[in-house]
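# A structural walkthrough
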Amino acid sequence: PQIVRESRSLDAAKNLGLILDHHLAQDRFHYVMRYVPGESLTLVTRRLHAVAAAGGLGVNEVKQALGYAADVLSTLAVYHAGGLWHKDVKPDNIIVDERTGVATLVDFGLLSSLNSAMTLTTHGTEYFRDPELVRLALRGVKVHEVDGTRFDLFAAGAVIYSLIEDSFPAHGVLSQVSKRCPEAVKWIIRRAMTDYDKRYATADLMLADVRAVLAASDPFALRPVDLP
């Protein structure tokens, strides 16, 4: 059933240009996506912190990190507008193109339709998966009964946390940012990872805040109240 579900979701993904092709037969199933030459965001983040001064990322590194986050959020906005939920947004599933520097979201293994009648599952990666998703799945809630896009946005907030901290948010939204970080970025992380009904409603809204930080001459001088 999961493969059949994926195949149906991949029809939509192909129409959106997210994959090149896919095929489901009696004995096999495959999909083809564009090859992105580069490294995972996990490795890129490690290098960013290796060249940064002690205590955390500086202005240039923060802007580079948030540029990757903006790329991912732009992609998620396309997914969500097309009725799809990625369901496994994490640094290891984000490849930074070595030619262009653009961050590309990969791996369609858990791709789902937002309107699916199937019961929620707890698939995904711990620390980047919303604990609320697990609770709802254990209660037998159906996919179409919730807004799956908000689970992707929780994960996007966790990705930004990992960019800043070079680590995963082990305590969810309660995870503390210990390294140097603009207050506006801390606020973006908290709003993305807060309670399901209080977080960003869309990827575009979260992207607007990220872009505001990117546009600031000094992200560390930008206050949360200055975000759109």
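Heads up: these notes are all about the structure in this document. (Residues numbered from 1 in each chain as written. Predicted model: local features only at pLDDT ≥ 70, side-chain atom pairs only at ≥ 80, totals over all residues. Heavy atoms only, no water.)

### A look at the overall build of the protein chain
The condition that has to hold: Only DSSP runs of H or I reaching four residues or more are called helices, and only runs of E reaching two or more are called strands; each is numbered from the N terminus. Partly exposed residues are those whose accessible area sits between 20% and 50% of the maximum for their type, while under 20% is buried and over 50% is exposed, using a 1.4 Å probe and protein chains only. All accessible-area figures derive from a Shrake-Rupley calculation using a 1.4 Å probe, and residue coverage is judged against the displayed protein chains alone. Charge counting follows a simple rule: Lys and Arg are positive, Asp and Glu are negative, and His as well as the terminal groups are ignored. The atoms used to mark charge sites are NZ of Lys, CZ of Arg, CG of Asp and CD of Glu.
What the protein chain contains, in helices and strands, is seven helices and seven strands. Reading the secondary structure of the protein chain in the N-to-C direction produces α-β-β-β-α-α-β-β-β-β-α-α-α-α. Overall, the protein chain is about 55 × 40 × 30 Å in size when its C-alpha atoms are taken along their principal axes. Taking all 228 residues of the protein chain together, the buried fraction comes to 49%. Summed over all atoms, the accessible surface of the protein chain reaches about 10,900 Å², with 52% contributed by carbon and sulfur. In the protein chain, the 25 positive side-chain charges and the 27 negative ones have mean positions that sit 2 Å from each other.

### Some remarks on unusual backbone geometry
Unusually for a residue other than glycine, Lys87 sits at a positive phi of about 80°. Along the chain, Lys87 falls in the loop between strand E4 (84-85) and strand E5 (94-97). We note that Asp166 has phi near 55°; this positive angle belongs to a residue other than glycine. The class of Asp166 is partly exposed, set by a relative accessible area of 33%.

### Thoughts on the packing of helix H3 (residues 59-81) against helix H5 (residues 149-165)
Let me state the cut-off plainly: A fitted line through C-alpha atoms represents every axis, and for helices the fit uses only the stretch in contact; the resulting angles, taken between N-to-C directions, go from 0 to 180 degrees. To sort the angles, those under 35 degrees are grouped as roughly parallel, those over 145 as roughly antiparallel, those from 65 to 115 as roughly perpendicular, and the leftovers as oblique. In what follows, a contact means two residues having at least one pair of non-hydrogen atoms within 4.5 Å.
Here H3 crosses H5 at 170°, and the two axes come no closer than 10 Å. Taken together, the axes of H3 and H5 are roughly antiparallel relative to one another. Residues Ala65, Leu66, Tyr68, Ala69, Leu73, Leu76 and His80 of H3 pack against Thr149, Asp152, Leu153, Ala156, Ile160 and Leu163 of H5.

### Digging into the sheet that holds strand E3 (residues 38-40)
Where we set the bar: By the convention used here, strands pair only if DSSP detects at least 2 bridges between them.
The antiparallel open sheet is built from three strands, whose spatial order is E3-E5-E6. Since the sheet does not close on itself, it has two edges, and those belong to E3 and strand E6 (103-105), each with one partner. Across the sheet, the mean angle separating the axes of adjacent strands is 30° when strand polarity is ignored. Relative to E5, E3 runs antiparallel, the two being bridged by three bridges. The residue of E5 that forms the bridge with Glu39 is Val96. Running over the sheet, helix H2 (residues 41-51) touches E3 and E5 and is turned about 85° from E3.

### Section: the nonpolar core
Here is the rule: Here, nonpolar core means buried Ala, Val, Leu, Ile, Met, Phe, Trp, Tyr and Cys residues that are tied together by side-chain atoms lying within 4.5 Å of each other.
Grouped together as the largest cluster of nonpolar side chains are 56 residues, with contacts concentrated most on Ile160 and Met206. At the level of secondary structure, the elements contributing two or more residues to this core comprise helix H1 (2-15), H2, H3, E5, E6, H5, helix H6 (183-193) and helix H7 (203-215). In terms of nonpolar packing, the next biggest core, distinct from the first, is built from ten residues, Leu136, Val141, Val143 and Phe151 among them.

### What to know about the pattern of salt bridges
Pairing is possible between side chains that carry opposite charge, provided their charged atoms lie close to one another. Short version of the rule: Between Lys or Arg on one side and Asp or Glu on the other, a salt bridge is scored when a side-chain nitrogen of the former is within 4 Å of a carboxyl oxygen of the latter.
Within this structure, the stated rule accounts for eleven salt bridges. Here Arg99 and Asp97 are joined by a salt bridge, their closest N and O atoms 2.7 Å apart.

### Let's talk about the side chain of Arg150
Here Arg150 lies in helix H5. Judged by relative accessible area, Arg150 falls into the buried class, the value being 16%.

### Some points on the environment of Gly83
You can see Gly83 is positioned in the loop between H3 and E4. Counting along the chain gives 65 residues from Gly83 to Gly148, while the straight-line C-alpha distance between them is 9.6 Å. With residues near it in sequence (within four places) discarded, Gly83 still touches Ser112, Ser113 and Leu114.

### Comments concerning the pairing of strand E2 (residues 29-32)
Both strand E1 (residues 21-24) and E2 contribute to a ladder of four bridges, which runs antiparallel. Paired with Asp21 across the strands is Val32, a residue of E2. Between E1 and E2, which pair antiparallel one after the other, the connecting turn spans four residues.

### Description of the packing of H2 against H5
This is how the line gets drawn: Each residue is assigned to one class: nonpolar for Ala, Val, Leu, Ile, Met, Phe, Trp, Tyr, Cys and Pro, charged for Asp, Glu, Lys and Arg, and polar for all the others, Gly among them.
It is at 8 Å that the axes of H2 and H5 come closest, and there the two elements cross at 35°. Counted together, Leu41, Thr45 and His49 of H2 and Val159, Ser162, Leu163, Ile164 and Glu165 of H5 form the full contact between these two elements. Taken together, the residues of the contact of H2 with H5 break down into four nonpolar, three polar and one charged.

### Digging into the packing of aromatic side chains
Note the threshold: In this analysis, rings of Phe, Tyr and Trp, with Trp reduced to its six-membered ring, are considered paired at centre separations within 6.5 Å, and the interplanar angle assigns stacked below 30 degrees, edge-to-face beyond 60, and tilted for intermediate values. Consider the ring centre and the ring normal. A charge sits over the ring if Lys NZ or Arg CZ is within 6 Å of that centre and within 35 degrees of that normal.
Within this structure, the stated rule accounts for four aromatic pairs. Chaining the aromatic ring pairs together yields one cluster made of Trp85, Phe151 and Tyr196. Over the ring of Trp85 we find Lys87; its NZ or CZ atom is 5.0 Å from the centre of that ring.

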